[in-house]
Amino acid sequence: MSERYAARKVAKSQSPAKQGRPGATRTRLARWSKYVLLSAAVLAAVTPVYWMVTISLKSEVDQFASPPRWFAFTPTLAHYYDAFFTRSFAKYLTTSLTVAGLSTICAVTLGTLAAYGLARFKLRGKLDQRLSLWILSTRMFPPIVTAVPLFLMMRDLRLLNTITSLVIVYTALNLPFVVWMMRGFFRELPRELEEAAMVDGDSRLGALVRVILPLVTPGLAATAVFCLIVSWNEFLLALVLTQTDASMTLPVGIAGRVTQYEIKWGVMSAAGVVAMIPILAFAMAVQRYLVRGLSL
Amino acid sequence: MMRSLGKNRSHAATVRGRETALPYLLIAPTVAVLVALSIYPLIYAVRISLQTGSGEAARWSLANFTRLASDKFFIEALAHTFIYAVVALTFEFLLGLGLAVLLDRPLRGRSLFRSALLIPMMLPPVVVGVVWRLMLNPDFGAINGTLKGAGVNTESLTWTASPVLALASVIAVDIWQWTPFMFLVLLAGLQAIPQEPYEAAIVDGSTAWQTFRYVTLPLLKPAILIALLLRTMDLLRVFDQIFILTEGGPGFSTETVSLYIYRTAFRFSDFGYAAAMSFVLLLLTNIVSVGYIRLLQKQEAA
Amino acid sequence: MDVRFENVSKTFGKSAVVDQLNLASDDGELVVLLGPSGCGKTTTLRMLAGLEDATSGDIFIGDERVNDIPTQNRDIAMVFQNYALYPHMTIAQNIAYPLRVRKIARDEINRRVNRVAEMLEIGALLERRPRELSGGERQRVALARAIIREPRVYLMDEPLSNLDAKLRVQMRGELKRLQHDLGTTTIYVTHDQAEAMTLAHRVAVMRAGKLQQFDTPMNIYNRPANRFVAEFVGSPSMNFIEGRVDHSSYKFASDALTLDLDESHLARLSGRDRVTLGIRPEHIEVSTADHPGWLAATVYVTELMGNETFVFLRVGGEKIIARASAEFRAEFESRVFVKIQMERTDFFDSKTGLRI
């Protein structure tokens, strides 16, 4: 009885506000302006990319039409054919795939082992923590700082214009990242899991292989995808280390064409679209880990 | 409980000795690779920066460093880098924060908005260069084409080809590409704030702005700092997009420190001077990265 | 197999987590290591498991010194506080793991998994994964994984502490029965004195790395070696009254109250002046009516437990808890009368805390 009375009293005290409903109008207005702002932002983010895609599909007449043709044009794959069959872009693409793949395998393998060592063992004199921070700090070097000596080193080793040089350099580039990502994933797992495995009669490495690695597989996959993205996108070191058709990656190939055949917009865009697609697919795959990956 | 493996050796026997060696074996390859490809190059760079001449004629000197102070191109490149960093950082932060706040609360289509907004950040920098070359071309670009269609006189709007507008243009492209990063990190920060402080603030009668100012911002501070530090480091070393959009030109108007170092080393083959300049850049980014690492350490400790 | 600790210490830097521990179990015995958090009981267990190294001293399982034998070769099984089930394996795979790493034939593994699962009534869960299980079910799986082999020793690190109260009591009984049936030496760590009392053949009470007392539950309760053990075991806790012995007048006097002593007390207390008197709450009688020789007290609060009542009292300046029947009723601040059963008192040295 008394509860119901109290409820009625509350309802009564609210009613004056309800009559005019200024609050409701304001919320609806706020929601609409939210949508308008967000749509504008999405439009700004996506339109330039869309424009490149259309250019890659347009004949030259459509490309240079004024006013610009956003939708009405006859699509053609001629530029893709031109880029990847007439010109060397297929070769660049293969190089990029090889370099990204091999360097990712190396970095993930080495980095994961190191991360396990750093996550699970207390070393004398806090060496584990110091090493972790030192490894992280090597990631902070601007690429141009190491680009100059790396170029000279690779020249001395006669490794300029080889895929090997890029694989080595990208492995080192990605290692700190792998160590820190994987160290985080390892540390999230309770230590008792390995302890239980060892009590159950397994060795430390057996526990790592049978118990711990299966549990960090999603994180490991995400880390590998991040390495692929970084290696695939990397430009400055590739520019410095590879200058021949046989050794250059897709970004370097595109950059060369941008300055040489300025007017070949279709070829440039087609190559750009091909360089972009795997990255967007990868990015979608690691959405869950994006923040973690990017803030390292 | 405290844990320690391999701390005490008074009873060290061979079986457990292996356990003690294991972590070092695991870590060693990584350390070796990083020493060879991060530390050794740095030492190499120190050496060549302290030498003038090459081969037989090489001799030790500080000439490369004294030259820095009087190189007006270098000073100008530094100035460009600072302007670039400050302006881009400001806009990226404010826009990113705004977008993050807009998407913090549940909203129909939120994950779609989020994914679409992230696209520019994921693109290879070279592709960003291509995209904006197509957009900003004075004659056939989409921007001027659209403006012309709207009756605007675009004759003076030559964007990256104009000494006046070039720097602003490359900064705008940076903002376009990297606002999503700010947005992403800040959104994650906002989402990590628990519901209770907001509820407490409402119960305590605070307005939306007061809640934002006194609850959200302080709780978001770690995320803000991380985002700012990481972006600052990247902005100070900016190279890729500018190289593709303008190569530092027209004239010298968009030349940043990284570009000037690149040009010095790989166009003029003056590696010693390039190395000397790169140490200035390293020093600048170091100041920022120390802040970042401190912050990370604090978070790890917590 | 029996377990022995001989002068075992574990130090981190300068602080000793376990200090000169000497402890020996019998074969087939269930020994409970009992103490507050940080007392070194878990470290002791982990040293026995080989998950921590002893700084000094020797640890034996049977006649074998195990200090230098790595965990996986010690032939032990352990139940962890958080169960440490392997999240990516099914329940059957979890239970089978100790056999799998020993390369036992699959038929044999299946047979034994089924037998153990039946024993612990988890046969229906075998194809599920740990995250789909309730806390109690996980607990059973962890047990099953431990008992699938016939190890020399079972180690249990607070295995029941993550269960809710009702389940804990039920599992406690089952554990006791299981250990009896298996007859394998078990070292069991807990901070819960009720668990220790109900499960153990013998309880080792630890404090700040030092063994306080190692004895049967009855002796721990009735003849605590020192004030710490007396206080730690029993709920509500034993009452302590600091005071002086007056040998001439047969009196024990604190600031607040005076109690009569008899010959046997005086014999025990000969040559002592300052002592601490200990009396368990069930050995204090409470009544609303006055009786000759009873002490007057004031009720601070009463806690009705259903089957009994805890009465928090002030006698003079002393705070005392007494155990009364469920029917006992008294208002806040009302006046009641208590009788301390002098034949049930313990005395402790006021300085060392040792039982006299």
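Residues numbered from 1 in each chain as written. Chains lettered and ligands numbered in written order. Predicted model: local features only at pLDDT ≥ 70, side-chain atom pairs only at ≥ 80, totals over all residues.

### Remarks on the overall build of chain C
Formally: In this text, helices come from DSSP runs of H or I with a minimum length of four residues, and strands from runs of E with a minimum of two, each type numbered from the N-terminal end. The burial label depends on the number of other C-beta atoms within 10 Å of a residue's C-beta. Counts of 20 or more mean buried, 12 or fewer mean exposed, and intermediate counts mean partly exposed, with C-beta atoms placed from the backbone. Here the contact rule is simple: place C-beta atoms from the backbone, and any two residues whose C-beta atoms are within 7 Å are in contact.
Check the secondary structure of chain C and you find nine helices and 20 strands. Out of the 356 residues belonging to chain C, those deemed buried represent 40%. Pairs at least 24 apart in sequence give 65% of the contacts found in chain C among residues at least 6 apart.

### A short note on the overall build of chain A
The condition that has to hold: Atoms counted for the radius of gyration: C-alpha only. Globule rule: 2.2 Å times residue count to the power 0.38.
Scanning chain A for helices and strands turns up 14 helices and zero strands. Across chain A, helices and strands are ordered from the amino to the carboxyl terminus as α-α-α-α-α-α-α-α-α-α-α-α-α-α. A compact globule built from 296 residues should have a C-alpha radius of gyration of about 19 Å, whereas chain A, at 27 Å, is more than 25% larger. Each principal axis of the C-alpha atoms in chain A carries an extent, and together these give about 90 × 75 × 35 Å. Here the contacts in chain A between residues at least 6 apart in sequence split such that 74% fall between residues at least 24 apart.

### Description of the sheet that holds strand S9 (residues 202-207) of chain C
Residues and elements named next belong to chain C. Just so we agree on the cut-off: In this description, strands pair whenever DSSP reports at least two bridges between them. Here an angle of 0 to 180 degrees is reported between the N-to-C directions of two axes, which are lines fitted to C-alpha atoms, with helices fitted over the stretch in contact.
With mixed pairing, six strands are arranged side by side in an open sheet as S6-S7-S8-S3-S9-S10. Every other strand in the sheet has two partners, leaving strand S6 (76-79) and strand S10 (210-215) as the edge strands with one partner each. Strand-to-strand, the axes of this sheet are offset by a mean angle of 20°, without reference to chain direction. In this sheet, strand S7 (residues 153-157) lies alongside S6 in parallel orientation, the contact comprising four bridges. Paired with Val 79 across the two strands is Met 156, which belongs to S7.

### A short note on the interface of chain A and chain B
Filter applied, for reference: In this count, Pro and Cys sit with the nonpolar residues alongside Ala, Val, Leu, Ile, Met, Phe, Trp and Tyr, while Asp, Glu, Lys and Arg are called charged and the others, Gly among them, polar.
With 74 residues of chain A in contact, the opposing surface of chain B contributes 72 residues. Looking at side-chain class alone, the side of chain A that touches chain B contains 59 nonpolar, 11 polar and four charged residues.

### Remarks on the pairing of strand S1 (residues 3-12) of chain C
Residues and elements named next belong to chain C. Looking at chain direction, S1 and strand S4 (residues 56-61) are connected through five bridges and run antiparallel. Bridging from a neighbouring strand, Ser 9 pairs with Ser 56 of S4. Judged from the six bridges that link them, S1 and strand S2 (residues 15-24) form a sheet pairing that is antiparallel. Bridge assignment links Arg 4 to a residue of S2, and that residue is Ala 24. Here S1 folds back onto S2 in antiparallel fashion, the turn holding two residues, of which Gly 13 has a positive phi close to 60°.

### Quick look at the domain arrangement of chain A
Where interface size is given, it is often the accessible area lost as the parts come together that is meant. All names here are of chain A. The condition is simple: An automatic or database domain assignment provides the domain bounds reported here.
The domain architecture assigned to chain A consists of domain 1 (2-76) and domain 2 (80-294). Relative to domain 2, the C-alpha centre of domain 1 lies at a distance of 37 Å. Opposite the seven residues of domain 1 that make contact, domain 2 presents six residues. Listed by contribution, the elements that provide at least two residues to the side of domain 1 that touches domain 2 are helix H2 (22-57) and helix H3 (60-63). For the side of domain 1 that touches domain 2, the element with the most residues is H2, which contributes four residues. Of the residues assigned to the side of domain 1 that touches domain 2, the class counts are three nonpolar, two polar and two charged.

### Observations regarding unusual backbone geometry
Residue and element names in this part refer to chain C. Cis geometry is found at the peptide bond from Ser 235 to Pro 236, where omega equals -5°. A positive phi angle is found at Gln 20, which is not glycine, with a value near 50°. Looking at the secondary structure, you find Gln 20 in strand S2. Since 15 C-beta atoms lie within 10 Å of it, Gln 20 is described here as partly exposed.

### Considering helix H2 (residues 91-100) of chain C
All names here are of chain C. Counting buried positions over the 10 residues of H2 gives eight, a clear majority of the element. Taken as a whole, H2 has its buried residues at Ile 91, Ala 92, Asn 94, Ile 95, Ala 96, Tyr 97, Pro 98 and Leu 99. Those residues of H2 that are buried lie in contact with helix H3 (106-119) and helix H4 (135-147).

### Points about the environment of Ser 134 of chain C
All names here are of chain C. The residue Ser 134 is located in the loop between H3 and H4 in this model. The exposure class assigned to Ser 134 is exposed, which follows from the 12 C-beta atoms found within 10 Å. Spatially, the C-alpha atoms of Ser 134 and Gly 306 are 30 Å apart, while their sequence positions differ by 172 residues.

### Some points on the confidence of the model for chain C
Stated formally: Here pLDDT means the predictor's own confidence in every residue, given as a number from 0 to 100.
Scored by pLDDT, chain C comes out at a mean of 92, with 100% of its residues at no less than 70. Interface confidence in the predicted complex, given as ipTM, is 0.85; pTM for the same model is 0.83.

### Topic: the confidence of the model for chain A
It should be kept in mind that the predicted coordinates are not to be read in detail where pLDDT is low. When pLDDT is averaged along chain A, the result is 85, and 90% of the positions lie at 70 or above. The low-confidence segment residues 1-20 of chain A, where pLDDT is below 50, has one contact with residues more than four positions distant or belonging to other chains.

### A short note on the packing of helix H13 (residues 265-285) of chain A against helix H5 (residues 125-136) of chain B
Helix-helix packing is characterised by the crossing angle of the two axes and by the distance between the axes. The condition is simple: Should the near helix be turned counterclockwise from the far one by less than a right angle, the crossing is left-handed, whereas a clockwise turn marks it as right-handed.
Between H13 of chain A and H5 of chain B, the shortest axis-to-axis distance is 9 Å and the interhelical angle comes to 140°. With respect to the hand of their crossing, H13 of chain A and H5 of chain B are arranged in left-handed fashion. Listed contacts from H5 of chain B to Trp 265, Met 268, Ser 269, Gly 272, Ala 275 and Met 276 of chain A of H13 of chain A are Val 126, Val 127, Val 130, Val 131 and Leu 134 of chain B. Considered class by class, the residues forming the contact of H13 of chain A with H5 of chain B number nine nonpolar, two polar and no charged.

### Overview of the sheet that holds S4 of chain C
Residue and element names in this part refer to chain C. The strand order S2-S1-S4-S5 describes an open sheet built from four strands, whose pairing is antiparallel. In the strand order of this sheet, the two ends are held by S2 and strand S5 (64-65), each with one partner. Here S4 pairs with S5 via two bridges, running antiparallel. By the bridge assignment for S5, Ile 61 is matched with Glu 64.

### Some words on the pairing of S9 of chain C
Residues and elements named next belong to chain C. When strand S3 (residues 30-34) meets S9, the two strands line up parallel, connected through four bridges. Residue pairing across strands places Val 32 opposite Val 203, the latter belonging to S9. In this structure, the hairpin formed by S9 and S10 is closed by a connection of two residues, where Ala 208 is found at a positive phi of approximately 50°.

### As for the domain arrangement of chain C
All names here are of chain C. Domain boundaries assigned for chain C yield domain 1 (3-232) and domain 2 (239-349). Look at where the C-alpha atoms of domain 1 and domain 2 centre, and you get two points 39 Å apart. The interface is formed by four residues belonging to domain 1 together with five residues belonging to domain 2. Split into classes, the residues belonging to the side of domain 1 that touches domain 2 amount to two nonpolar, one polar and one charged.

### Description of the environment of Pro 75 of chain A
Position of Pro 75 of chain A among the secondary structure elements: in the loop between H3 and helix H4 (78-86). Taking the C-alpha atoms as reference points, Pro 75 of chain A and Ala 30 of chain A, 45 residues apart in sequence, are found 41 Å from one another.

### Details of the packing of helix H3 (residues 72-102) of chain B against helix H9 (residues 208-236) of chain B
All names here are of chain B. Axis separation between H3 and H9 bottoms out at 9 Å; the angle between their running directions is 145°. Judged by the twist between their axes, the crossing of H3 over H9 is right-handed. Here H3 contributes Thr 81, Tyr 84, Ala 85, Ala 88, Leu 89, Glu 92 and Phe 93 to the contact with H9, which in turn contributes Leu 228, Arg 231, Thr 232, Leu 235 and Leu 236. Classifying every residue of the contact of H3 with H9 gives eight nonpolar, two polar and two charged.

### Describing the environment of Arg 183 of chain A
Residues and elements named next belong to chain A. Within the secondary structure layout, Arg 183 lies in helix H8 (residues 163-188). Judged by C-beta crowding, with 23 C-beta atoms within 10 Å, Arg 183 ranks as buried. When the C-alpha atoms of Arg 183 and Leu 280 are compared, they prove to be 26 Å apart, with 97 residues separating the residues in sequence. Those residues in contact with Arg 183, other than ones at most four positions away along the chain, are Ala 115, Leu 118, Ala 119 and Ser 132.

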